[in-house]
Each structure stands twice: as structure tokens, then as C-alpha cells.
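Residue strings, one per chain:
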Amino acid sequence: MSNNPKKEDVVVLGGHEFKRVKNGLGEAQVASFIDELTKERDKLAQSQDHITSLNRLAERTVVEADKLAAQIKAEAEEQAKSEGAAVIDKAKEQARQMAEQKIAEAVEVANEKSNAIKAKAEEEAALLLENQRNKIRSELHNLVNQQFGYMLEELEGLKRQAAAVQADFDNKLSKPSEQDSAAATKIVEESDTIAAKIAEERDTAAAEIVEQIDAAATEAAEEIDTAAAEATERKDSGAAEDAEEIGAAAAGIAEAIDKAAAEAAEGKDNGAADEREAAAAEIAEAIDKAATEIAEEKDMTAEEAAEEIDTAAAEFTEEKDTGVVEAMEARDTAAAEIAEERDTTVAEQSKAPVEHPELSQTAAYIEKNLDLSKLLEIEDQAELGKPQWEVEILPPFNIAKIMEVVSFLDQLPEVANTEMIVPQIDMPSILVFLRGPMNLVDVLQTIPAVAHVEEVTIDKAATNGEPGNGPRKVRISLSENTTVQE
Amino acid sequence: MSNNSKKDGVIVLGGREFKRVKNGLDEAQVASFIDELTKERNKLAQSQDHIASLNRIADWHSRHYCVL
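Residues numbered from 1 in each chain as written. Chains lettered and ligands numbered in written order. Predicted model: local features only at pLDDT ≥ 70, side-chain atom pairs only at ≥ 80, totals over all residues.

### Considering the interface of chain A and chain B
Part 1: With 27 residues of chain A at the interface, the matching set in chain B holds 27 residues.
Part 2: Listing elements by their share of the side of chain A that touches chain B, those giving two or more residues are β2 (16-25) and α1 (27-172) of chain A.
Part 3: Per-class residue counts for the side of chain A that touches chain B are 12 nonpolar, nine polar and six charged.
Part 4: The pairing of β2 of chain A with strand β2 (residues 16-25) of chain B spans six bridges and is classified as antiparallel. (Contact = placed C-beta atoms within 7 Å. Helix = DSSP H or I, 4+ residues; strand = E, 2+ residues; numbered from the N terminus. Nonpolar A, V, L, I, M, F, W, Y, C, P; charged D, E, K, R; others polar. Pairing = 2+ DSSP bridges.)

Right, dumping it as C-alpha cells:
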């Protein structure tokens, strides 16, 4: 590189002029060194230019990379949005299915429990009504039987008084007839007094019976109301439990929805979260609506059951009132008939004091008075059916002895009832209704008033060999020391 | 930069020995020019070293991070 255009005293080396001096540096050495330095500098300068071009290239590459990164980012955001929407839709669908399934299960469980509670309440109500009906029927039956016993006792007293009156008549037969009218008047007064007393006692007993029936009816109504209240309470309790289960199911559904929303929320924006919250609120509203409908349905079921129980209780009370009224009417009718018959008998006796008192009159009186038992034991007669024994009484007759036999038979536990039949022509007889098996022949032989007992065998030829459907017959004769009556 | 150590008939410029001759080049001018060239060379060499360091950093970065 020793480009040296020579002049005098001037040397050019590397484009630079150097002066020649007297004692200077060697030109060749300086030229070589300068050439070496110049080459190194040019080489480094050339490398620097290359790096500069690379820098420009790198800058353009960075700009393009920024554009590409922005494009990729936009594409990634778009893809993330579409995938997020798909995940949200899937989560919504899953949440909706879970909510529907939970609601269906809750409704099914609530319906099953409601039906079970309703059926149980109806069964208990029916059982309670049946028990109360049986209880009231039994109480009425006992009261009627008790009253009938009282009336039978009064009737016995009346019979004894009638026997005493008859004895007085017998004693007075031998006295002058002037005293008959006075005695008849006295007898009428005594009979009226006795009749008034009996009527008063009967009215008192009837009032007590009515009071007891009313008390029993009140107690039964209170028990029915208590049972209805308990049934309603059980239904309300069952509805509350179902509501709690529905609330628990709704809480589970909400939790599942929150969980699904939390999973879907990863990598998604706030707009998707709002949409999920709206969907969750919608599902929760549907759950609340279903729970409200279930609760209303249960309330309606409870009201219907309570209404049915009230209706049954009202019918039961009405039935009891009807039975009480009928019993009171029957009792009043019987009392009126007894009073009327007594007046009639006393009047007839007072009109004909001279004549002998007929056995048929007294027997008819007894027979008509015994009609009271038919009135008061309508239900019992329906249950008794046909008599098992028929006791025929052979003459001579004695009313006191006959009544003694009847009273003895009535006191036996095996005997359900007795009926006195006094025909006008034939001999009187006693029909005996039994509750259980009993040998009446042996029993009759133990009665002091009975002198002789004979069972009448039925002629099989008359019944074509059949044992017959009628009662077994027994003939008895009364013991002596009796007042023989025709 | 004219690190000139003088001996008898020999002078050192830029780390190299030059002989004194008659009717030779002016020592001051030669020293100034050599100093100028040496500075330019050193400056370019320093820049080259800087670029090499950046390349090493870029290589290390590319090995440790996946850039685009």
C-alpha cells in the first residue's frame, strides 16, 4: 500500500505526506508498518459494516416478529374465546341436567312421603272412627241394658204391689160392698202414686243416660279432633322434612353449578362469568319454584285429609245423636204405655170389685208390660233369634211362683232373655233364650217354686223323623201352698 | 501512543523499531500518523470484541429460552 508519489523532500505513505529530514526514519520500514496498520483497520472496518447490515436485518426481523406475535396472539384469543364459549355451554347443560335430575328426585321423594303420610292418616282416621263408633255403640248398649234392668226391677216391684192389691181384694171379698168403692179409690190413689214415682225415676234415669251419652259423644269428638290435629301435624312435619331435603338438594345443585362455573372460569374472561352466574340464578329460581309447588301440593293434601276427618266426625256425631233420640223416644213410649196400662187395669178392677180378678187380666198386664222389653231390647232380640227352650206351666197357677221362676232364669248368666206367653185358652209358657249351652231341666229342678219337671219329647213321626226347628219343651208344675187360681 | 524509546540509531514507534537513516522521514509526522492508525484499529477491534460478546450472550439466551 505504499502508494508513494515522490516529490522532493516529501514522501506520501498511506495517503499521508511525510517530510524528509537529514536524520530521519527509514522509509521502507515506515511504509511497511503503515501498510500493515492500514490493512488491519480496513479489515475491521469491513467487519463493522457487515455487523451493521446484520443489525438492520435483525431490526426488520424483530419488527416482523412483533407483527407475527400480534397476529398469533389475536388468533389465540379468538380460539380461547370460542373454546371458552363451548366449555360454558357444556357446563350450563351439565348444570341444567343435574338440576332437573335433583328436582325430579326431590319431587318424587316428596310425593312418596306425602302419599304415605296421607294414607297413614286416612287409615288412622278410619280406625279411630271405627273404634269410637264401637265404643259408643257398646256404651249405648250397656246403658240400654242397665236401664232395662232398672225397669225390670221396677216392674217386679209393681208386680209385687199388684199381688198385694190382689190379696187385698181377696180379703175384701168377704166384706160388705160399701167398702169396695173406698178401697178402689185407695187402690187408684196408690197406683197413681206408684205410677208417678216410676215415671219420675224413669225420667231421671233417662236424663242420666242422655247426659252420659252426651259426655261420651263429647269425649269421642275431642278424641277425633285430637287425632285430626295429630294427623295434620304429622303431615306438616313430613312437608317440613321434604322442604329441608329440597333445600339440601338445591344447595347441592348450586354447589355443583359453582364448581362447574369455577372450572369453566379458568382461562376465560369476566363476561363468561356473568353469563354463568345468570344461568345459575335461573336454575336456582326454577328449584325454588318447584319447591314452592311441592309445598302447596302438600298443604292441599293435608287440608283435604283434615276435611275428610271433620266430615266423618260430623257424620259420627249425627249418628250418635240419632241413636240417642231414638232410645229416648222408645223409652218415653214404653213409659207412656206402662202408665196407660196401669191406669186401665186399676180402673177395671175398681169398676168390678165384686168379681174375682181374672188371671188372664193380670197375665195380659204382665204380657203387655213385658212388651217394654221388646221395645228396649230391639237390638238384643235381633241378635237372639229363636228361643232354645219353652217351659210350659201346668195348673194350678200362681203368679208369684211364675215370676219367681222367671226371675231365677233371668239371673242366670247363660240366659240371655226370657219371654212370658200367657194365651187365653192354653197354659202359659216361658220362652228361654240362651247365650250358651245349658241343661234347663236340671236348673228348673233346683228352683224351690218348681215341684215337678218333665221334658216333652217331640214326636218324630210328626216331623217325618226330623228333630224339628222349634225349641225344646219342658213342662213344670209349681209347688204347693199356693193360692189356686183358675 | 507514540511510545518511542530511543536508542542509538534506532527509534520505536507503535511497538516497532525503526532505524535512523540519512535523508529519512520526519520522525514526528511518522509518529503522529502511526498513532492515528493505531487508535482507529484499536477502536474497531474494541467494537468487534463488543459484537462478539453480544453474540455469545445471544447464543446463551437461545440455548436457555425458546424465542419464537
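### Here's the deal with the pairing of β2 of chain B
All names here are of chain B.
Part 1: Pairing geometry for strand β1 (residues 10-13) and β2, over four bridges, is antiparallel. Across the sheet, residue Val 10 finds its bridge partner in β2, namely Lys 19.
Part 2: The antiparallel pairing of β1 with β2 creates a hairpin that spans two residues between the two strands, and Gly 14 there sits at a positive phi of about 60 degrees.

### A closer look at the pairing of strand β5 (residues 429-434) of chain A
Part 1: Of the strand pairs in this sheet, strand β3 (residues 389-394) of chain A and β5 of chain A are connected by four bridges, and their pairing is antiparallel. Bridge pairing links Val 391 of chain A to Ile 430 of chain A in β5 of chain A.

### Some words on the nonpolar core
Part 1: Ranked by internal contacts, the top residues of the largest apolar core, which has 21 residues, are Val 391 and Val 432 of chain A.
Part 2: Where this core is concerned, the elements lending two or more residues are β3, α6 (399-411), β4 (415-421), β5, α7 (440-445) and β7 (472-478) of chain A.
Part 3: Per-element accounting of this core gives the leading share, four residues, to α6 of chain A.
Part 4: Once residues within four sequence positions are removed from consideration, Val 432 of chain A is found in contact with Pro 387, Gln 388, Trp 389, Val 391, Leu 409, Val 415, Thr 418 and Leu 440 of chain A.
Part 5: Core analysis: the second largest hydrophobic core is formed by 18 residues, Phe 18 and Ala 31 of chain A together with Val 30 and Ile 34 of chain B among them. (Core = buried A, V, L, I, M, F, W, Y, C linked by C-beta atoms within 7 Å. Buried ≥ 20, exposed ≤ 12 C-beta atoms within 10 Å, placed from the backbone.)

### Focus on the sheet that holds β7 of chain A
Each strand in a sheet pairs with its neighbour through backbone hydrogen bonds, running either in the same direction (parallel) or in the opposite one (antiparallel).
Residues and elements named next belong to chain A.
Part 1: Taken together, five strands build an open sheet; the order of strands is β4-β5-β3-β7-β6 and the sheet is mixed. Taken across any chain shown, the strands that pair with only one partner, and hence form the sheet edges, are β4 and β6 (450-456). Ignoring which end each strand starts from, the neighbouring axes of this sheet average 25 degrees apart.
Part 2: Here six bridges tie β3 to β7, and the two strands are oriented parallel to one another. (Axes fitted to C-alpha atoms, helices over the stretch in contact; angles between N-to-C directions.)

### Some remarks on the confidence of the model for chain B
Residues shown with low pLDDT carry predicted positions that ought not to be read at fine detail.
Residue and element names in this part refer to chain B.
Part 1: For chain B, the average pLDDT comes to 81, and 82% of its residues sit at 70 or higher.
Part 2: Within chain B, β2 carries the highest mean pLDDT (88), whereas β1 carries the lowest (86).
Part 3: Listed scores for the predicted complex are pTM 0.32 and ipTM 0.80. (pLDDT = per-residue confidence, 0-100.)

### With respect to the environment of Ala 451 of chain A
All names here are of chain A.
Part 1: Checked against the element boundaries, Ala 451 lands in strand β6.
Part 2: When the 15 C-beta atoms within 10 Å are taken as the criterion, Ala 451 is described as partly exposed.
Part 3: Beyond its immediate chain neighbours, meaning those up to four positions away, Ala 451 contacts Ser 477, Leu 478, Ser 479 and Glu 480.

### Examining unusual backbone geometry
Part 1: A cis amide bond links Pro 395 of chain A to the next residue, Pro 396 of chain A, at an omega of 0 degrees.
Part 2: Tracing the chain through its elements places Pro 396 of chain A in the loop between β3 and α6.
Part 3: Look at Asn 23 of chain B: it is not a glycine, yet its phi comes out positive at around 55 degrees.

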